[in-house]
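# Close look at the chain arrangement
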Amino acid sequence: MDPYSKLQRVKETTENMAKTIASLENDILETLKENTELKVENQLLHEKLDKLTANQPAPEVKTQNGLESLKKIYDSGYHICNMYYGSHRDPDADCMFCLDILDNFGEKKGIKKDGR
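Residues numbered from 1 in each chain as written. Predicted model: local features only at pLDDT ≥ 70, side-chain atom pairs only at ≥ 80, totals over all residues. Heavy atoms only, no water.

By the naming in an unreviewed UniProt entry, the protein goes by DNA replication initiation control protein YabA and is assigned to Lactobacillus acidophilus.

## Some points on the overall build of the protein
Summing up its helical and strand segments, the protein has 3 helices and 0 strands in all. Along the chain direction, N to C, the helices and strands of the protein fall in the order α-α-α. For the protein, the residues scored as buried account for 10% of the 116 residues in total. Relative to all contacts within the protein whose residues are 6 or more apart in sequence, the contacts with residues 24 or more apart total 26%. Surface exposure of the protein reaches about 10400 Å², of which carbon and sulfur atoms provide 56%. (Helix = DSSP H or I, 4+ residues; strand = E, 2+ residues; numbered from the N terminus. Buried < 20%, exposed > 50% of the residue type's maximum accessible area, 1.4 Å probe, protein only. Contact = heavy atoms within 4.5 Å. Areas by Shrake-Rupley, 256 points an atom, 1.4 Å probe, with all protein chains shown as cover.)

## Some details on the side chain of His79
By secondary structure assignment, the location of His79 is in the loop between α2 (66-75) and α3 (96-108). Take His79: its relative accessible area is 11%, and that puts it in the buried class. Setting aside its immediate chain neighbours within four residues, His79 contacts Tyr84, Tyr85, Gly86, Ser87, His88, Arg89, Cys95 and Cys98.

Written as structure tokens, this is what we have:
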């Protein structure tokens, strides 16, 4: 290949690279513009949310002790034992592992097994 042809190829490659760089620059500028708009919108939404939540009373937080929570889960038909935790259980059959957890948890809380 002669030197002139090589020079033409380098020139074409350089022009293509310049077009690619210009295109990337435009894409980056558009992304930065969109990012700035989203930041402003986000800030405005945060301010609006703060105003809305400031005017409302704080919701009551209902607490429940662990034993009651475990009993509700067990009574709704799910295992609470580590062997089958979260799997469905037959409501007509008790799980000795789950009952052991409920009994031991109750004893630690000062509740006797007979419920008194």
